[in-house]
Each structure stands twice: as structure tokens, then as C-alpha cells.
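Okay, here's what each chain looks like letter by letter:
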Amino acid sequence: MIMLDNFAFEIGVKLGKTSYHRNKPFYQDMYNKLETENDALEVMANCWLAEEDQVRLIYDNYDIIDLRIGWSKGFLDALFPMRDLC
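We now turn to the structure provided with this report. All of these numbers come straight from a predicted model, not from anything done at the bench.

About the cut-offs
- Residues numbered from 1 in each chain as written.
- Predicted model: local features only at pLDDT ≥ 70, side-chain atom pairs only at ≥ 80, totals over all residues.
- Heavy atoms only, no water.
- Salt bridge = Lys/Arg side-chain N within 4 Å of Asp/Glu carboxyl O.
- Helix = DSSP H or I, 4+ residues; strand = E, 2+ residues; numbered from the N terminus.
- Buried < 20%, exposed > 50% of the residue type's maximum accessible area, 1.4 Å probe, protein only.
- Core = buried A, V, L, I, M, F, W, Y, C linked by side-chain atoms within 4.5 Å.
- Contact = heavy atoms within 4.5 Å.

**Brief notes about the pattern of salt bridges**
Argument step 1. Considering all chains together, one arrives at 3 salt bridges under this definition.
Argument step 2. The partner of Glu51 in a salt bridge is Arg22, with the nearest N and O atoms 2.4 Å apart. With Glu51 in helix α2 (residues 37-58) and Arg22 in helix α1 (residues 6-33), the pair connects residues that are 29 residues apart, well separated along the chain.
Argument step 3. Its relative accessible area of 10% is what places Glu51 among the buried residues.
Argument step 4. The partner of Lys73 in a salt bridge is Asp77, with the nearest N and O atoms 2.6 Å apart. On the criterion of helical spacing, the pair formed by Lys73 and Asp77 is a turn pair, its members being 4 residues apart in helix α3 (residues 64-79).
Argument step 5. Residue classification places Lys73 among the partly exposed positions, given a relative accessible area of 26%.

Have a look at this one:
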């Protein structure tokens, strides 16, 4: 069982949701065509790569893996708001 740093994870969730909304104007057409989480991987990778250095610089005291896992969850939760119900 993997133990997450909950604080880093929660920060990551917030950053992921923010990233989704910040990039929405640029990826609106793509966002509208995505149907599954696998479809979103390319867009997520582009968004993460654009912010990774900044996240590492600002949150260097936190586990980057936990931040990344949280970021992915936050991004996907914003992209697919009802995914927890599936």
C-alpha cells in the first residue's frame, strides 16, 4: 500500500484543478472531444510539462510524486466532474 503525503496530495489536487481552468481557453476544442481518462493523457501531459518546473521550485519541500498524483486527480476531477460517481 502506498502512503501519500496528504498535504502534498491536496495541494496537487488544487493545482490540477487550477491548471485545468487556466488552460481551458487553449484546449477548449480538445476538452469537448475527450470521453475517457486515457483520451486526456496527452492534454494532461502538456499542461503538466508547462507547470512542472514552477511546481518543483515553489513546492520543493513536498514529495513531487504525491503532488503529481494529486495534480492528476484534480485535473481529471475538473475535466470529468462526475467521474467519482462512475
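**Considerations on the nonpolar core**
In summary, soluble globular proteins display a tendency toward joint burial of nonpolar side chains.
Argument step 1. Tyr31, Phe75 and Leu79 are the most contacted members of the largest nonpolar core, which has 20 residues in total.
Argument step 2. The set of elements that each furnish at least two residues to this core consists of α1, α2 and α3.

**Some thoughts on the environment of Gly74**
Argument step 1. Tracing the chain through its elements places Gly74 in helix α3.
Argument step 2. Exposure remark for Gly74: the relative accessible area of 0% places this residue in the buried category.
Argument step 3. Considering only alpha carbons, one finds Gly74 and Asp29, 45 residues apart in sequence, at a separation of 20 Å.
Argument step 4. Excluding residues within four positions of it along the chain, Gly74 makes contact with Val13, Gly16 and Lys17.

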